[in-house]
Amino acid sequence: MNEIIIEATGIKKTLGRGAGEVKALRGIDLTLRRGEFTLLMGPSGSGKTTLLLVLGCMLAPSSGTLTVCGTRTSGVDKEGLARIRRDHIGFVFQSYHLFPTLTAAQNVQLALDIRHERGRKAGKRAREALNLVGLEQKADTLPGELSGGEQQRVAIARAFVANPSVILADEPTAALDGNNGRSIMRILADAAHQRERAVLVVTHDPRVIPFADRIVEIEDGLLVDTGSGEPERLHLPKTAAFRP
Amino acid sequence: MSLVPTLASRNLFHDRLRFVATLVGIVFSVVLVMIQMGLFLGFGRMVTTMIDHASADLWVLPKGAKCFEDPSLLDAKLRDKVASVDGVASVVPLVIGFSDWRLESGELTPVFVVGADLRDRSLEPWNVVEGDVRALSQSGAVVVDRSYYDRLGVSKIGSTAEIRGRRVKVVALTDGIRSFTTTPYVFVDLKNARTYTGTFPDRASDLLVRLKPDADRDTVLKAVRAQVGEHEVLTTDEFRSRSRSFWLFGTGAGAALFAGALLGVIVGTVIVAQTLYSSTKDHLSEFATLRAMGSSNGYIYRVIIYQALLNAIIGFIIATAIGAVVVEMTAKSALPIVITPWLIAALFVLTVVMCVASAIGAIVRVVRIDPATVFMR
Ligand SMILES: Nc1ncnc2c1ncn2[C@@H]1O[C@H](COP(=O)(O)OP(=O)(O)OP(=O)(O)O)[C@@H](O)[C@H]1O
Ligand SMILES: [Mg+2]
């Protein structure tokens, strides 16, 4: 079995207050391992984003324990959590969240900059990361002049340029068409398989199922199936548009 | 190089309108402070011009004299007593005072008469552009400044008028000897000054003491003090600062200037704080993204503070350019605005402090938001 990157046990998360209180997560156990590409699926409002943010140390669980690369996160302050993210986690969001005033290369380089990696070496690394997502030609382009798929690829390059152990992606292909979606998924799958990372992707889209090593389903804040390493994709219909 | 400056400057220049608004705020504020402080310095200089141009090492003044223009008088016989002190080279009485000047047209205008013994060249008109100061010894001779032609109803050497019913004639003209009181200075000979100001021969306004080259100032000062009883003896520096503090703080003029400057600082801070805050608000999702990427809060503060500093530097440069124009424009006025390198340096520090202080509001805002909320939508 591969090394455990993230281990979550008994995670509960209540969002909102008073009348608007929602039990978004109601006791989740989940383990993410190096080299594994996991899909997190579930209906809208089931708690996917909440879980992703908890696993990514962006939201503190109301109860339960979370361990990231051997570090328990309970009791760690905000700066400490930021450090854990900096050291181990890369995020990819549905709406890219690129910096509109920075070029593609600068957007990627920003992930190194906050780690105090600067100078020509950082510039070179950023370009290499763009190269991996097939965007070396667009390094000096502003996000506004890139297509959605290209922007998402920049965001992915940014997420893995600093070599995080885990990449957490929230509906990275939701805003993209079939071809772009497929290429994004392939890049993320490669990130898991070739570069030995744990990759967790939240998606609604059944067409990406063939890429997954493992599918985790969530409903109403609880996991339906936490089977690890099961090649569930074999049981799925072959009509998927995104075949690997 | 870090991307902090890049990010900060792009954030700043991205929204041109807001950037311009910020700059207008900073420039307005800095120029206001600069002018107030420049006036303060200019005023501080103007009130001591006479002292600056008198050649004296020590001043003997009537008790409690607050400034050069103080109308109180002392006993002129002190002159001999002071002159007998070891180390004193010369003692010259000065007679000053307000008087009335009647133009050829019959109109009356107040003037400030400055009379010194010309033989001693202790306080005589400077910047003479026409005529000869030595002609002042003639009876009825006066020297006036060109800038007061209209006020005094004169137009050239030889023009005439009356002071206290006595006929006077302009024998020389100066350029730029202007009084902050707006009352024109009229230089005359000591004897004439007594007549024009109604000062008895045994009285004088001040005594100007010059020391022998090898004399020790402090020793002579003590000895002179012992001779003059209740009268005051000040060094030129002491008299200058006494005059200055009387006019600047005794009158409230300085306080008013400082209040104006303070207002400028407050307005500037509020404007910068406001625009920086709204800029930060607009970029909250970017700051949240930085946070998600694992950046420290310090990194984000640096971006905001860098924005504040850029505002400060650009605003300051523009304000200084405007200040230079204002200085040029007021150079020939009764109250020129004086901007010294120290003032510039102090203003720069002030601008930076103001802008960085303004950044605190924005920083507090960023710290308060939970970056997760940005990604939950
Ligand atoms: N700030 C909040 N306050 C209260 N409830 C919230 C808040 N944010 C989300 N929720 C609720 O928490 C539950 C889980 O939300 P979450 O965003 O994790 O769902 P999701 O599975 O990602 O949905 P989607 O597929 O639509 O993105 C939902 O019922 C949502 O309405
Ligand atoms: Mg979601």
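A quick note: this is a predicted structure, and the numbers were derived from the prediction, not measured.

Caption draft 1: Highlighting the overall build of chain A. Of regular secondary structure, chain A possesses six helices and ten strands. Overall, the C-alpha framework of chain A stretches about 45 × 45 × 40 Å when taken along its three principal axes. In chain A, which comprises 244 residues, the proportion classed as buried is 56%. When contacts within chain A are restricted to residue pairs at least 6 apart in sequence, long-range pairs at least 24 apart make up 72% of them.

Caption draft 2: Summary view of the environment of Ala159(A). Residues and elements named next belong to chain A. If you trace the backbone, Ala-159 turns up in helix α5 (residues 148-160). With relative accessibility at 8%, the residue Ala-159 sits in the buried group. Here the alpha-carbon distance between Ala-159 and Phe-91, two residues 68 residues apart in the chain, equals 5.6 Å. Beyond its immediate chain neighbours, meaning those up to four positions away, Ala-159 contacts Gly-90, Phe-91, Val-92 and Pro-164.

Caption draft 3: Just unusual backbone geometry, in detail. Residues and elements named next belong to chain A. One non-glycine residue, Cys-57, lies in positive phi territory at about 60°. By the element assignment, Cys-57 lies in the loop between α1 (48-55) and β4 (63-68). By relative accessible area, which is 4% here, Cys-57 ends up buried. Residues other than glycine seldom take positive phi values, yet Cys-69 does so here, at roughly 50°. For Cys-69, a relative accessible area of 24% corresponds to the partly exposed category.

Caption draft 4: Just a nonpolar patch on the surface, in detail. Residue and element names in this part refer to chain B. Taken together, the side chains of Ile-313, Ile-317, Phe-348, Val-349 and Val-353 define a hydrophobic patch exposed on the protein surface, amounting to about 430 Å² of accessible area. Residue assignment for the nonpolar patch shows that the elements contributing at least two residues are α11 (297-330) and α12 (341-368). Of the residues forming the nonpolar patch, the biggest block, three residues, is contributed by α12. Within the element layout of this structure, Val-353 appears in helix α12.

Caption draft 5: Geometry of the side chain of Asn311(B). Among the secondary structure elements, Asn311(B) is positioned in helix α11. Leave out the neighbours within four places in its chain, and Asn311(B) touches Leu12(B), Phe19(B), Thr22(B), Leu23(B), Ile26(B), Leu276(B), Phe316(B) and Cys355(B).

Caption draft 6: Spotlight on the environment of Cys67(B). Residues and elements named next belong to chain B. By the element assignment, Cys-67 lies in the loop between β1 (58-61) and β2 (74-75). Spatially, the C-alpha atom of Cys-67 lies 7.8 Å from that of Trp-247, the residues being 180 residues apart in sequence. With residues up to four places along the chain from it excluded, the contact list for Cys-67 reads Phe-239, Ser-243, Phe-246 and Trp-247.

Caption draft 7: Structural detail: the pairing of strand β7 (residues 166-170) of chain A. All names here are of chain A. Of all five residues that make up β7, five are buried, and the element is covered over most of its length. Every second residue of β7 is oriented toward a common face, with Val-166, Leu-168 and Asp-170 on one face and Ile-167 and Ala-169 on the other, all of them buried. Following the chain from β7 across helix α6 (residues 178-193) to the adjacent parallel strand β8 (residues 198-202), one finds a crossover that is right-handed.

Caption draft 8: Spotlight on helix α6 (residues 190-197) of chain B. Residue and element names in this part refer to chain B. When you tally the buried positions in α6, you get six out of eight residues, the bulk of the element. Regarding α6, the residues found buried are Leu-190, Asn-192, Ala-193, Arg-194, Tyr-196 and Thr-197. Backbone geometry just after α6 places Gly-198 at a positive phi near 70°.

Caption draft 9: Representation of the site of ligand 1 in the model. Residues and elements named next belong to chain A. Taken together, the neighbourhood of ligand 1 is formed by 16 residues, with Ser-44, Gly-45, Lys-48, Thr-49 and Thr-50 sitting nearest. Within the backbone of Ser-46, one N or O atom sits 3.2 Å away from an oxygen atom of ligand 1. With respect to ligand 1, the side chain of Thr-50 contributes an N or O atom lying 2.5 Å from an oxygen atom. Surface burial for ligand 1 is 66%, taken as the share of its 640 Å² of free accessible area covered by protein chains. Counting only elements with at least two residues in the shell around ligand 1, the list comes to β2 (22-33) and α1. Along the lines of polarity and charge, the residues of the shell around ligand 1 split into five nonpolar, nine polar and two charged.

Caption draft 10: Examining the UniProt feature "transmembrane region" (unreviewed entry) in chain B more closely. Residue and element names in this part refer to chain B. Using the residue numbers shown here, the UniProt feature "transmembrane region" (unreviewed entry) corresponds to residues 20-43, 246-279, 299-327 and 339-367. Note that residues 20-43 is 100% helix and 0% strand, and that its end C-alpha atoms are spaced 33 Å apart. Across residues 299-327, the secondary structure splits into 100% helix and 0% strand, with the terminal C-alpha atoms separated by 41 Å.

Caption draft 11: Spotlight on the domain arrangement of chain B. Split into domains, chain B comes out as domain 1 (4-46 + 253-375) and domain 2 (63-230). Between domain 1 of chain B and domain 2 of chain B, the C-alpha centre-to-centre distance is 48 Å.

Caption draft 12: Geometry of the UniProt feature "domain: ABC3 transporter permease C-terminal" (unreviewed entry) in chain B. In the UniProt entry, the feature "domain: ABC3 transporter permease C-terminal" (unreviewed entry) is given for residues 261-371 of chain B. What you have in residues 261-371 of chain B is 85% helix and 0% strand, and the ends, taken at the C-alpha atoms, are 40 Å apart.

Caption draft 13: The state of the cysteines, seen in detail. The final tally for this structure, using the stated rule, is zero disulfides over all chains. No disulfide involves Cys57(A); its sulfur sits 9.6 Å from that of Cys69(A), the nearest cysteine.

Caption draft 14: Seen up close, the nonpolar core. Residues Phe37(A), Leu39(A), Leu110(A), Leu130(A), Leu188(A), Leu290(B) and Ile304(B) are the most contacted members of the largest nonpolar core, which totals 94 residues. It is helix α2 (residues 16-46) of chain B that provides the largest number of residues to this core, a total of ten residues. The residues touching Ile304(B), leaving out its near neighbours within four places in the chain, are Leu276(B), Thr280(B), Phe287(B), Ala359(B), Ala362(B), Ile363(B) and Val366(B). In terms of nonpolar packing, the next biggest core, distinct from the first, is built from 38 residues, Val95(B), Leu173(B), Ala193(B) and Val220(B) among them.

Caption draft 15: Up close: the side chain of Ser179(B). Counting through the fold element by element, Ser179(B) comes out in the loop between β8 (166-174) and β9 (185-189). Here Ser179(B) falls in the buried class, since its relative accessible area comes to 1%.

Caption draft 16: Quick peek at the packing of aromatic side chains. Under the counting rule described, the total for this entry stands at twelve aromatic pairs over all chains. Measuring from ring centre to ring centre gives 4.9 Å for Phe13(B) and Phe19(B), while their planes differ by 75°; the resulting arrangement is edge-to-face. Overall, Phe13(B) belongs to the partly exposed group, its relative accessible area being 34%. Pairing Phe316(B) with Phe348(B) gives two aromatic rings, centres 5.0 Å apart and planes at 70°, and the pair type is edge-to-face. One end of the pair, Phe316(B), is in helix α11; the other, Phe348(B), is in helix α12, with 32 residues separating them in the sequence. Residue class for Phe316(B) comes out buried when judged on its relative accessible area of 8%. These aromatic residues form a ring-pair network of at least three members: Phe91(A), Phe93(A) and Phe375(B).

Reading guide: rules and limits
- All residue numbers refer to positions counted from 1 along the written sequence of the respective chain.
- Starting at A for chains and at 1 for ligands, labels are handed out in the order in which the entities are written.
- Under the rules for a predicted model, residues below a pLDDT of 70 receive no local features and side-chain atom pairs below 80 are neither given nor counted, while totals for whole chains, interfaces and linings still include all residues.
- To obtain the side-chain values, all non-hydrogen atoms of the structure were used and water was disregarded.
- In this text, helices come from DSSP runs of H or I with a minimum length of four residues, and strands from runs of E with a minimum of two, each type numbered from the N-terminal end.
- The classification of residues rests on relative accessible area computed with a 1.4 Å probe and restricted to protein chains. Under 20% of the type maximum is buried, over 50% is exposed, and intermediate values are partly exposed.
- In what follows, a contact means two residues having at least one pair of non-hydrogen atoms within 4.5 Å.
- Patch rule: a residue counts if its relative accessible area is over 30% and it has no salt bridge; like charges are joined within 9 Å, and nonpolar side chains (Val, Leu, Ile, Met, Phe, Trp, Tyr) within 5 Å.
- Values of accessible area rely on a 1.4 Å probe in the Shrake-Rupley scheme; residue burial ignores everything except the protein chains shown.
- Salt bridges are defined by distance alone: a side-chain nitrogen of Lys or Arg within 4 Å of a carboxyl oxygen of Asp or Glu.
- Place the viewer so that the strands point away; then a crossover is right-handed whenever the path from the first strand over the helix to the second strand goes clockwise.
- Whether a residue is near a molecule or strand depends on its heavy atoms: if one lies within 4 Å, it is near.
- We define a polar contact as two N or O atoms separated by no more than 3.5 Å, with the added condition that, inside protein, one atom must be a possible hydrogen donor and the other a possible acceptor, whereas residues neighbouring each other in sequence contribute only through side-chain atom pairs.
- Throughout this entry, Asp, Glu, Lys and Arg are counted as charged residues, while Ala, Val, Leu, Ile, Met, Phe, Trp, Tyr, Cys and Pro are counted as nonpolar. The remaining residues, Gly among them, count as polar.
- UniProt positions are given in the numbering used here, feature names are shortened, and annotations may be inferred rather than shown by experiment.
- Domain ranges listed in this record stem from an automatic or a database domain assignment.
- Disulfides are defined in this document as cysteine sulfur pairs within 2.5 Å.
- What we call a nonpolar core is a set of buried Ala, Val, Leu, Ile, Met, Phe, Trp, Tyr and Cys residues that are connected through their side-chain atoms within 4.5 Å.
- Aromatic contacts are taken between Phe, Tyr and Trp rings whose centres are within 6.5 Å, Trp giving its six-membered ring; a plane angle under 30 degrees counts as stacked, one over 60 as edge-to-face, and the others as tilted.

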